[in-house]
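# Understanding the architecture of this molecule
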Amino acid sequence: MSTPEKDEAYDPTAPVERRDCTDEYLENMEVLEVERTVAIVKPDMMVHLEQVKERLIEEGFHVVQSRSVHLSSEQAADFYQEDNGKSFFPSLVSYMSTGPCHVFVLAKENCIAEWNQVIGPKDPAKARKDAPESLRAKYGKDKSCNAFHGSESQISFERDLHFFFPTCPLDPLPLDDAKEYLAKFINPILRKGLIEVMRAKPRDPITFLADYLDMNNPAVACPDYLVGKSGNVATDRAILAQYGYLLDAKGEKAAVAPRSSSESTSDA
């Protein structure tokens, strides 16, 4: 099985987003049977990525980690090998390799069934009839261009996880290890961000802090392989914007300053 290129694979320095977790949430994970699933926002949906993230929060999903990746035709065919031989397989492979997609590992009780309920039936026509509030009912076009993917079972989740995050353990991070990660990586950057908020005194401190964390989180860097890969400038800009970057006049990656910095008060 061909997996995404090595430099795109999951590791602490790769472009993988990690959600900040409180001790309370981590402790609850030991009590609740929290299930995970792999969710994919397909290429034509990347322009709506922020709306999808908002829906995830509304539905109570926790984003464990995520990444953007541009699949080759071979990789797309490998991932959907169970559909090989079906009439829509060639168009599905072509569709999945047209541009970057975004892959989430989600966590929630009964997560696999819950996410599949949110996205709706694979056929958008059926989704519009039977699940009009589902994401596929709103965004899907047909069976091969249905906007989203979700693991269908624990077995398929393990396969999906290994494909996109080959070094990610199947078992959740132990509580002690999670606390160590927070202390080593999250707390220091959060502390610096709060200091910057106190120093700048912005009118919107929450947005300022969010922008600061986006721009300075060492675990989330804009992947160079996204730049210019979609073949569409508007799509490139939308994807890079998720990482706090833009395309400059030369079509190269350039960092964006925090939105709220210009709103800082002059009081020292």
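Since the model is a prediction, treat every value here as computed from it, not as a measurement. (Residues numbered from 1 in each chain as written. Predicted model: local features only at pLDDT ≥ 70, side-chain atom pairs only at ≥ 80, totals over all residues. Heavy atoms only, no water.)

Of all nine residues that make up strand β4 (residues 101-109), eight are buried, and the element is covered over most of its length. Sheet topology places strand β2 (residues 34-41) next to β4; eight bridges connect them, and they run antiparallel. Bridging across to β4, Thr37 finds its partner in Leu106. Sheet topology note: the strand β3 (residues 62-69)/β4 ladder contains seven bridges and is antiparallel. Residue pairing in the sheet places Val69 in a bridge with Cys101 of β4. (Buried < 20%, exposed > 50% of the residue type's maximum accessible area, 1.4 Å probe, protein only. Helix = DSSP H or I, 4+ residues; strand = E, 2+ residues; numbered from the N terminus. Pairing = 2+ DSSP bridges.)

Residues at a pLDDT of 70 or more form 65% of the chain, whose mean pLDDT is 75. In the predicted structure, residues 5-16 sits below a pLDDT of 50 and forms 31 contacts with residues beyond four places in sequence or in another chain. Here residues 221-230 is modelled with pLDDT under 50, and outside its nearest four sequence neighbours on either side it reaches 32 contacts, counting other chains as well. (pLDDT = per-residue confidence, 0-100. Contact = heavy atoms within 4.5 Å.)

Right, let's get into the environment of Tyr80. For Tyr80, the location among the structural elements is in the loop between α3 (73-79) and α4 (89-96). The class for Tyr80 is buried, based on a relative accessible area of 7%. In sequence terms Tyr80 and Met96 are 16 residues apart; their C-alpha atoms lie 9.7 Å from each other. With near-sequence residues (within four places) excluded, Tyr80 lies in contact with Lys42, Phe89, Leu92, Met96, His149 and Arg159.

This brings us to the pattern of salt bridges. Counted by the stated rule, this structure contains nine salt bridges. A salt bridge links Glu114 to Lys108, with the nearest nitrogen and oxygen atoms 3.6 Å apart. You can call Lys108 buried: its relative accessible area is 18%. Taking the shortest distance from any N to any O, the salt bridge between Lys122 and Glu152 comes out at 2.5 Å. Note that Lys122 is positioned in the loop between α5 (111-119) and α6 (124-130) and Glu152 in the loop between β5 (148-150) and α8 (154-164), a separation of 30 residues in sequence. (Salt bridge = Lys/Arg side-chain N within 4 Å of Asp/Glu carboxyl O.)

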